[in-house]
Amino acid sequence: AKMSGKTKSAQKKELRKQEVEKQKQLKLKFEEINAIEDFLVDLAPFSKFDRNGLDLVLESTPIHKIPSDLFDWIFDLLKRNMEQMYKESWGWDDAAKKRELKAENARYIIIHEKESRRPMGFVHFQFSMEESMDRPDRETLYCWEIQLEEDVRGKGLGKFLMQLLELIGRKQEMQCIMLTCPKSNPRAIQFYKSKLGFTLDPISPTEMDARYHVTYEILSKSFPPKK
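Read on for a plain summary of the structure. (Residues numbered from 1 in each chain as written. Predicted model: local features only at pLDDT ≥ 70, side-chain atom pairs only at ≥ 80, totals over all residues. Heavy atoms only, no water.)

## Focus on the overall build of the protein chain
We count it as follows: A run of H or I in DSSP becomes a helix once it reaches four residues, and a run of E becomes a strand once it reaches two; helices and strands are each numbered from the N terminus. Three exposure classes are used, based on accessible area relative to the maximum for each residue type with a 1.4 Å probe and protein chains only: buried under 20%, partly exposed in between, and exposed over 50%.
In terms of regular secondary structure, the protein chain is built from six helices and eight strands. Its helices and strands in sequence order give the protein chain the pattern α-β-β-α-α-β-β-β-α-β-α-β-α-β, from N to C terminus. On the principal axes, the C-alpha backbone points of the protein chain span a range of 75 × 45 × 35 Å. A buried classification covers 44% of the 227 residues belonging to the protein chain.

Quick look at the structure:
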């Protein structure tokens, strides 16, 4: 039996209504998440890293609570670690980078030495909706930066921090964790793939079309939906 025009339009109307409601719920969900200031409250075991000769404490903070001297260090570490690599990939601009680090919904995990309180690394992440190839946009924890001082590298801290981000993402019921990595950093791409189970995302340029001569890859890891 064919559907009458009336039934069809009623169905369309109902679908539109559901979509509007879904968007409203999503907006609320993200507002609630972005109101959280400390993502380590329920993750106490992750508030310290005391192995492989390191004794570090981790703190979770929104951008607006970061004092200016700490922000200067964040920017300086990023510049020292990445400026050259960025120049080979998508260029480097001090002012633009600072704006990105200061985005309203930027969230940070700062890693300090326990005794001296000296900052040794940071993670910059945000919660966002990211496009999908053939599905609706995904609720995503996006890792913008993970930067460590030289003395604390190669000791399992990077892996620990990425696992922590994954936990935060799952806890906030995101659908995946995602990051962008310059192709000029194949070691990092390998690390995310082999140590952490990330894969090239379907929206990563080379996945979409190998003829793209782009300088970066988008990596992601999906979370199974909660039962």
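Having seen the structure, we can now continue with the description.
## As for the pattern of salt bridges
Worth spelling out the cut-off: For this document, the term salt bridge refers to a Lys or Arg side-chain nitrogen within 4 Å of an Asp or Glu carboxyl oxygen.
Counted according to the given criterion, the structure contains 17 salt bridges. We note a salt bridge from Lys 29 to Glu 139, for which the minimum N-O separation is 2.5 Å. Taken as a pair, Lys 29 in helix α1 (residues 5-34) and Glu 139 in strand β5 (residues 138-148) lie far apart in primary sequence, 110 residues in all. Judged by relative accessible area, Glu 139 falls into the buried class, the value being 13%.

## Remarks on the side chain of Arg 138
Rules: The definition of a polar contact used here is a pair of N or O atoms within 3.5 Å, where within protein one atom must be able to donate a hydrogen and the other to accept one, and adjacent residues in sequence count solely through side-chain atom pairs. Note on contacts: a residue pair qualifies if any of its non-hydrogen atoms lie within 4.5 Å across the two residues.
On the secondary structure map, Arg 138 appears in strand β5. By relative accessible area, which is 6% here, Arg 138 ends up buried. Within the structure, the side chain of Arg 138 is placed 3.1 Å from the side chain of Ser 132, a separation counted as a polar contact. Not counting chain neighbours up to four residues away, the residues in contact with Arg 138 comprise Ser 128, Met 129, Glu 130, Glu 131, Ser 132, Gln 175, Cys 176, Met 178, Asp 201, Ile 203 and Ser 220.

## Some thoughts on a positive patch on the surface
Operational definition: A residue counts toward a patch only above 30% relative accessible area and without a salt bridge, and it is joined to like-charged neighbours within 9 Å or, for Val, Leu, Ile, Met, Phe, Trp and Tyr, to nonpolar neighbours within 5 Å. Accessible surface is estimated by sampling points in the Shrake-Rupley manner with a 1.4 Å probe; for residues, cover comes only from the protein chains shown. When charges are counted, neither His nor the chain ends are considered; positive counts come from Lys and Arg and negative counts from Asp and Glu. For the purpose of locating charges, the reference atoms are NZ of Lys, CZ of Arg, CG of Asp and CD of Glu.
On the surface, a cluster of positive charge is contributed by Lys 8, Lys 12, Lys 13, Arg 16 and Lys 17. The topology assignment puts Lys 13 in helix α1.

## Brief notes about the packing of aromatic side chains
To be explicit about the condition: The criterion for an aromatic pair is that two Phe, Tyr or Trp rings (for Trp, the six-membered ring) have centres within 6.5 Å, with stacked assigned to planes under 30 degrees apart, edge-to-face to planes over 60 apart and tilted to the rest. The criterion is that NZ of a Lys, or CZ of an Arg, lies within 6 Å of the ring centre and within 35 degrees of the ring normal, and then a charge sits over that ring.
In total, this model carries 12 aromatic pairs according to the counting rule given. With 5.4 Å between their ring centres and 35° between their planes, Phe 39 and Phe 127 make a pair best called tilted. Here the residue Phe 39 occupies a position in the loop between α1 and β1 (48-49), and Phe 127 occupies one in strand β4 (residues 119-130), the gap between them amounting to 88 residues. With relative accessibility at 5%, the residue Phe 39 sits in the buried group. Within the aromatic cluster, the residues linked to one another by ring pairs are Phe 39, Phe 125 and Phe 127. Across the ring face of Phe 75, the terminal group of Lys 98 is positioned such that the distance to the ring centre comes to 4.6 Å. Its guanidinium or amino end placed over the ring of Phe 71, Lys 102 lies 4.5 Å from that ring's centre, counting from NZ or CZ.

## Concerning the sheet that holds strand β3 (residues 107-113)
To keep things clear, this is the line we draw: Pairing between two strands requires that DSSP report at least two bridges joining them.
Pairing in this open sheet of eight strands is mixed, and the strands run β1-β2-β3-β4-β5-β6-β8-β7 from one edge to the other. Strands at the two margins of the open sheet, each flanked by one partner only, are β1 and β7 (199-200).

## Some points on the packing of helix α4 (residues 157-171) against helix α5 (residues 186-196)
For the record, the criterion: An axis is simply a line fitted to the C-alpha atoms; with a helix, the fit covers only the stretch in contact. Between two such axes, the angle follows the N-to-C directions and lies from 0 to 180 degrees. Just so you know how the angles are binned, under 35 degrees is roughly parallel, over 145 roughly antiparallel, 65 to 115 roughly perpendicular, and the rest oblique. For any pair of crossing helices, the crossing counts as left-handed if the nearer helix is rotated counterclockwise from the farther one by less than a right angle, and right-handed if it is rotated clockwise.
Orientation of α4 relative to α5, taken along the N-to-C sense of each, is 65°, at an axis distance of 11 Å. Put simply, α4 runs roughly perpendicular to α5. In this structure, the crossing between α4 and α5 has a hand that is right-handed. Mapping the contact onto sequence places Gly 158, Lys 159, Met 162, Gln 163 and Glu 166 in α4 and Phe 191, Tyr 192, Lys 195 and Leu 196 in α5.

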